[in-house]
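Given next are the chains, with one letter for each unit.
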Amino acid sequence: MSLIKGIHHVSLTCCGEEEYKRTIDFYKEVLGIPVVRTFQRGTMFETGSGLIEVFNDGEKALPQGTVRHFALDAADVDACVKAVTEAGYEVFVQPKDIEILSEPVFPARIAFCRGPLGEEIEFFCEK
């Protein structure tokens, strides 16, 4: 029996008000993820299968290292790419169909972009 039920949240820290506003705009306006709560130090977005928590209190780059990427469960990968491209963000892997060679084979449609903090975001749609 697993002790883990799933991913609860991904946490991002912004350094400065401009970076914070740009990040909130990206997740709220560009991707349309609803805000579930705001608090003095930040904002939480509800993706439907976990939270994205954005803090506004960073002073410099964090020493913890970086996450390779996080994947958002996308209903329409191509629509996500269109939205981020139109908003001026880099898409570095265009939408494509893949098969993860596993048992059983795992077909999906994916794409990758960079968010406002340089975070790598995968749009992932199981087929």
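Residues numbered from 1 in each chain as written. Predicted model: local features only at pLDDT ≥ 70, side-chain atom pairs only at ≥ 80, totals over all residues. Heavy atoms only, no water.

### Some words on the overall build of the protein
To keep it simple, the criterion reads: Labels follow the DSSP assignment, with helices taken as runs of H or I lasting at least four residues and strands as runs of E lasting at least two, numbered in each case from the N terminus. Our radius of gyration looks at C-alpha atoms and nothing else; its globule reference is 2.2 Å times the residue count to the power 0.38. The classification of residues rests on relative accessible area computed with a 1.4 Å probe and restricted to protein chains. Under 20% of the type maximum is buried, over 50% is exposed, and intermediate values are partly exposed. Two residues qualify as a contact provided that any one of their heavy atoms is within 4.5 Å of a heavy atom in the partner residue. With residues, only the protein chains shown are counted as cover, and all accessible areas are computed by Shrake-Rupley using a 1.4 Å probe. Charge counting follows a simple rule: Lys and Arg are positive, Asp and Glu are negative, and His as well as the terminal groups are ignored. Note on charges: their place is set at NZ of Lys, CZ of Arg, CG of Asp or CD of Glu.
Scanning the protein from terminus to terminus reveals two helices and eight strands. Against the compact-globule benchmark of 14 Å for 127 residues, the protein has a radius of gyration of 15 Å, which places it among compact chains. Structurally, the protein occupies a C-alpha span of about 45 × 40 × 30 Å along its principal axes. Counting across all 127 residues of the protein, residues that qualify as buried make up 34%. Residue pairs in contact within the protein that sit at least 24 positions apart in sequence constitute 48% of those at least 6 positions apart. Per element, the accessible surface of the protein, about 8300 Å² overall, is 53% carbon and sulfur. One way to put it: in the protein the 13 positive side-chain charges average out to a point 2 Å from where the 21 negative ones average out.

### Looking at the environment of Leu72
Considering the arrangement of structural elements, one finds Leu72 in strand S5 (residues 70-73). Judged by relative accessible area, Leu72 falls into the buried class, the value being 13%. The sequence separation of Leu72 and Gly32 amounts to 40 residues, and the corresponding C-alpha distance is 12 Å. The contacts of Leu72, once residues within four sequence positions are left out, are Leu31, Ile33, Thr47, Ile52, Ile121, Glu122, Phe123 and Phe124.

### Re the pattern of salt bridges
Worth spelling out the cut-off: Here, a salt bridge means any side-chain nitrogen of Lys or Arg that lies within 4 Å of a carboxyl oxygen of Asp or Glu.
Counted according to the given criterion, the structure contains eight salt bridges. In this structure, Glu86 engages Lys82 in a salt bridge whose closest nitrogen and oxygen atoms are separated by 2.7 Å. Here Glu86 and its partner Lys82 are both found in helix H2 (residues 77-86), four residues apart, which amounts to about one turn of the helix. Note that Lys127 is salt-bridged to Asp97, the shortest N-O span being 3.0 Å. Taken together, the residues span a long stretch of sequence, with Lys127 in the segment after strand S8 (120-126) and Asp97 in strand S6 (residues 91-100) at a distance of 30 residues. Judged by relative accessible area, which is 59%, Lys127 ranks as exposed.

### Remarks on the nonpolar core
Where we set the bar: For the purposes of this section, nonpolar cores are sets of buried Ala, Val, Leu, Ile, Met, Phe, Trp, Tyr and Cys residues that join through side-chain atoms within 4.5 Å.
Among the nonpolar cores identified, the biggest contains 25 residues, and Phe26, Tyr27, Leu31, Ile52, Val84 and Phe123 are the most heavily contacted of them. The set of elements that each furnish at least two residues to this core consists of strand S1 (9-15), helix H1 (17-30), strand S4 (51-58), S5, H2, strand S7 (106-114) and S8. Residue contributions to this core peak at five residues, all from H1. The contact partners of Phe26, leaving out residues within four places of it in the chain, are Leu31, Val84, Tyr89, Cys113, Gly115, Pro116 and Ile121.

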